[in-house]
Amino acid sequence: MNEAMQTASPRSCFLSIDQFANLFEVLHALDYEVIGPTLDQEAIVYDRVTSVEDLPRGWTDIQEPGKYRLEQRDDDALFGYVVGPHSWKQNLFPPVSTLSTADRTDEGWQFTEVEQELPKYAFLGVRACELAALKIQDRVFMEGPYVDPNYQGRRLQALVIAVNCTQAASTCFCTSMNTGPRCTAGYDLALTELPDGFVVEVATPLGETVIDALETQIATDENQRQAEAARQQAVDQITREFDTTDIRDLLLTNLEHPQWNDVAERCLSCTNCTMVCPTCFCSSVEEVSDLTGDHVERQRQWDSCFNVDFSYMNGGLVRNSIRNRYRQWMTHKLATWIDQFGTSGCVGCGRCITWCPVGIDLTDEVAAIRESQT
Ligand code: SF4
Ligand code: SF4
């Protein structure tokens, strides 16, 4: 999806539930590999989906700090959940990628650069906070002095089909971060689910190509009213508020606040929060050899600022306590990210709260610092 191609006011139409089922055929005919929500290991995850049958029809997710579980809904909604542990970064910035190989030969080591696979993805079910996260990762990987060709190659040919949230979890705070729940930019198509189909907003020529291959109807005033009511339901369910006033200065002037010791007592330094975060991008590069020692792969892998070795420099560790590592994560995400990239590194998706095994909630941690500034 190329945001520059987005039209100022997307046109709307109505797509019946039967026609929606044909969307997969249309996308496959255009050579897209469709990645969307599906059920796996008692969670809604993003994976390859080939038909409407793969979607989590009739399931929803219940989320609280440190808790996630699925429940059956009393309807057949296909997108009646919030967000799971996965985000689209796993497809654009894979957890492990082989950059080059080295093979021992009689003449010495033979080095080979590995040609990266660039699958043509259609992302189905992208939420508003995730559109904001994609924009942040675009800034990191494509708009700085160094461009990541692997990310760029995948991203520029991806089709983005957003789906507006019609419900929210107790962990969501996109309204505080101005990232949702309404999808406003960064998509080719945006869908709002109704009981008998979808109101579709068509934002780009690529979106037009897809929707023109399906039979649609004019979205009636009643369709639009229902869609607005469904989207408003998500807004009404967001109860978590995160005060971000002067947050950069608040955190950077409180680097010795006792709250960092308090959170360090609870944090396991497990890295879950960074793995599930749709904007975290830290990685490390390792040489992995086979058992013979004749073949070596240089691999880039997701890493985390919570890992002890991540701050290893010649001579020792820079951040050798959990206190320092938690403080590094939060002050980067919410403060120095602004200096570096011009925006917050947090989009308010709530994943780090849900998937923290001890339920650490960054909104509570910031509030505690705000309440008793040193
Ligand atoms: S810091 Fe937490 S709430 Fe913010 S974007 Fe990352 S996972 Fe979501
Ligand atoms: S804050 Fe929670 S999820 Fe993050 S490293 Fe600590 S224990 Fe793990």
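On a predicted model such as this, the values are computed, not experimentally measured, just so you know.

Peer 1: What should I look at first to understand the sheet that holds strand β6 (residues 96–105) in this one?
Peer 2: Pairing between the strands of a sheet comes from backbone hydrogen bonds, and it takes one of two forms, parallel or antiparallel. On the basis of which strands lie adjacent, the open sheet formed by four strands has the order β7-β6-β13-β12 and antiparallel pairing. If you trace the sheet from one side to the other, it starts and ends with β7 (108–113) and β12 (283–289), each paired once. Direction aside, the axes of adjacent strands within the sheet are offset by 20° on average. Two elements, β6 and β7, share six bridges in a ladder whose sense is antiparallel. Counterpart to Thr101 in the pairing with β7 is Thr112.

Peer 1: Could you clarify how one ought to interpret the site of ligand 1 in this entry?
Peer 2: Near ligand 1 you find 13 residues, and of these Cys277, Cys346, Cys349, Gly350 and Cys352 are the closest. Of all the secondary structure elements, the ones that give two or more residues to the shell around ligand 1 are α11 (322–341) and α12 (351–354). Among the residues making up the shell around ligand 1, the classes are represented as nine nonpolar, two polar and two charged.

Peer 1: What is the right way to read the domain arrangement of the chain from this model?
Peer 2: Much of the literature gives interface size as the accessible area that the parts lose upon coming together. When cut into domains, the chain gives domain 1 (11–99 + 112–237) and domain 2 (247–280 + 305–372). The C-alpha centroid of domain 2 is placed 28 Å from the C-alpha centroid of domain 1. Across the interface of domain 1 and domain 2, roughly 2100 Å² is buried in total on both sides, 63% from carbon and sulfur atoms. When the area that domain 1 buries against domain 2 is broken down by residue, the three leading residues are Lys89, Ile136 and Phe173, summing to 26%. Between domain 1 and domain 2 we count one salt bridge in total. Between Glu130 and Arg351 there is a salt bridge whose closest N-O contact spans 2.5 Å. Inspection of the region where domain 1 meets domain 2 yields 17 residue pairs in polar contact (both at pLDDT 80 or more). Looking at which element gives the most residues to the side of domain 1 that touches domain 2, the answer is helix α3 (residues 128–142), with eight residues.

Parameters at a glance
- Residues numbered from 1 in each chain as written.
- Chains lettered and ligands numbered in written order.
- Predicted model: local features only at pLDDT ≥ 70, side-chain atom pairs only at ≥ 80, totals over all residues.
- Heavy atoms only, no water.
- Pairing = 2+ DSSP bridges.
- Helix = DSSP H or I, 4+ residues; strand = E, 2+ residues; numbered from the N terminus.
- Axes fitted to C-alpha atoms, helices over the stretch in contact; angles between N-to-C directions.
- Near = heavy atom within 4 Å.
- Nonpolar A, V, L, I, M, F, W, Y, C, P; charged D, E, K, R; others polar.
- Domains from an automatic or database assignment.
- Buried area = accessible area lost by both parts, 1.4 Å probe.
- Salt bridge = Lys/Arg side-chain N within 4 Å of Asp/Glu carboxyl O.
- Polar contact = N/O pair within 3.5 Å; in protein donor to acceptor, adjacent residues only side chain to side chain.

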